[in-house]
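# Fold and contact review
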Amino acid sequence: VKAAKEHSIPQDLNKVLENKVMETVLGLSYVKLSVVEMTCSGDADSEGIVSKSVSSHSDLIPGVYEGGLKIWECTFDLMDYFSEAEIEFTNKTVLDLGCGAGLLGIVALQGEAARVHFQDYNSTVIDEITLPNVVANCISEGRRMGSGKDRKASKPPSKRPRKAEGSPDVLNRCRFFSGEWAQVSQLLLNSKPCVKYDIILTSETIYNPDYYSALHDTLAQLLDRNGCVYLASKVHYFGVGGGIYLFEKFIEDKNVFRTRMVKTIDQGLQRCIMEIAFK
């Protein structure tokens, strides 16, 4: 059992970005993974997931490392869909579930979400990837975090470590959690007041059918009665056996949620975006 843990945001934001080199995609900054692989060791990676991932040449070691060091392609599908469908985040409470780099939650922050919580299985991912990415996109470099409508036009930052200036208000809207879904759910449900989300975002988290029950329970427990889940996935994950239609069938059998395929992407291996809400 991977216990749940809430990660505090350090007072000194420069510490979060220390030794980090940033790159950009769609106007968002993110930590360059190859640098993390070279610099992250010892206490910074108490789980040992960086060295294990590198030595085994694997993006996934079930129960040890669940893929959060890599930005998976369905993340970009979901970001595109937000723009196309004009998904409204203003004043919403949002959970980026299985967040990895946290780009989905960062887009929600740019869309003026009231609160955004980030969850990943691995604490190293939260500390070394997610938190630095959120800080890098929130710090004031002469521009406020805007609505996200002009993301693509924004100037990419240089590939050098960045300095954080002050503690922007936007970070006060964020919380960060690591641990497996069932544990994090209990932590949130036991908090006062109990947290429920208007929108839950999740990408490429249904690759393994063994996790479907835990994911379904988490969504059922944490989604607000009138809330909505946006889930992006490949149609099939070779080698692990999961996929969008298998999960859709699992949801139908449970009879708690209704689902709707809102987008299908046919380039390469087919991918889909599914909307999930209570019946």
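Going by the structure above, here's the rest.
None of the values given here were measured: they were computed from a predicted structure.

## Let's talk about the pattern of salt bridges
Counted by the stated rule, this structure contains ten salt bridges. Salt bridges sharing common partners tie together Glu 73, Asp 77, Glu 204, Lys 234 and Arg 271.

## What to know about helix α6 (residues 123-138)
Taking 1.5 Å per residue, 16 residues should reach 22 Å; α6 reaches 21 Å between its end C-alpha atoms and fits that length. Most pronounced at Thr 130, the bend in α6 amounts to some 30°, and the proline Pro 132 follows within four residues. Where burial is concerned, most of α6 is hidden: 15 out of the 16 residues are buried.

## Things to note about helix α7 (residues 181-189)
Listed in full, the buried residues belonging to α7 are Trp 181, Val 184, Ser 185 and Leu 188. An end-on view of α7 places all buried positions within 105° of arc, on one side of the element. Residues of α7 that are buried make contact with β4 (93-97), β5 (115-120), β6 (174-178), β7 (197-203) and α8 (212-222).

## A few points about the packing of aromatic side chains
Scanning all chains against the criterion turns up nine aromatic pairs. When the centroid spacing of 5.8 Å and the interplanar angle of 75° are considered together, the rings of Tyr 212 and Phe 250 count as edge-to-face. One end of the pair, Tyr 212, is in helix α8; the other, Phe 250, is in helix α9 (residues 244-254), and 38 residues separate them in sequence. With a relative accessible area of 22%, Phe 250 lands in the partly exposed category. A centroid spacing of 6.3 Å and a plane angle of 10° characterise the contact between Phe 247 and Phe 250, whose relative ring orientation is stacked. Of the two residues, Phe 247 and Phe 250 both sit in helix α9, three residues apart, roughly one turn of that helix. An aromatic cluster is present here, built from Tyr 207, Tyr 211 and Tyr 237 joined pairwise through their rings. Over the face of the ring belonging to Trp 72 we find Lys 70, whose NZ or CZ atom lies 4.2 Å from the ring centre. Here the basic side chain of Arg 225 rests over the ring of Phe 278, its NZ or CZ set 4.2 Å away from the ring centre.

## Description of the environment of Leu 187
Inspection of the secondary structure puts Leu 187 in helix α7. It is 8.8 Å that separates the C-alpha atoms of Leu 187 and Glu 6, two residues lying 181 residues apart in sequence. If we skip the residues at most four places from it in the chain, Leu 187 touches Ala 4, Lys 5, Glu 6 and Phe 177.

## Quick word on the pairing of strand β10 (residues 271-278)
Across the eight residues of β10, eight count as buried, placing the element largely inside the fold. Alternating positions in β10 separate into two faces, Arg 271, Ile 273, Glu 275 and Ala 277 on one and Cys 272, Met 274, Ile 276 and Phe 278 on the other, with burial throughout. Where strand β8 (residues 223-234) lies against β10, six bridges are found, and the strand directions are antiparallel. Opposite Leu 231, over in β10, you have Met 274 as the bridge partner. Here strand β9 (residues 257-265) folds back onto β10 in antiparallel fashion, the turn holding five residues, of which Gly 268 has a positive phi close to 65°.

Cut-off values and rules
Residues numbered from 1 in each chain as written. Predicted model: local features only at pLDDT ≥ 70, side-chain atom pairs only at ≥ 80, totals over all residues. Heavy atoms only, no water. Salt bridge = Lys/Arg side-chain N within 4 Å of Asp/Glu carboxyl O. Helix = DSSP H or I, 4+ residues; strand = E, 2+ residues; numbered from the N terminus. Expected span 1.5 Å × (residues − 1). Bend = angle between axes of the 7 residues up to and from the residue. Buried < 20%, exposed > 50% of the residue type's maximum accessible area, 1.4 Å probe, protein only. Arc of directions from axis to C-beta. Contact = heavy atoms within 4.5 Å. Phe/Tyr/Trp six-rings, centres within 6.5 Å; stacked < 30°, edge-to-face > 60°. Lys NZ or Arg CZ within 6 Å of the ring centre and 35° of its normal. Pairing = 2+ DSSP bridges.

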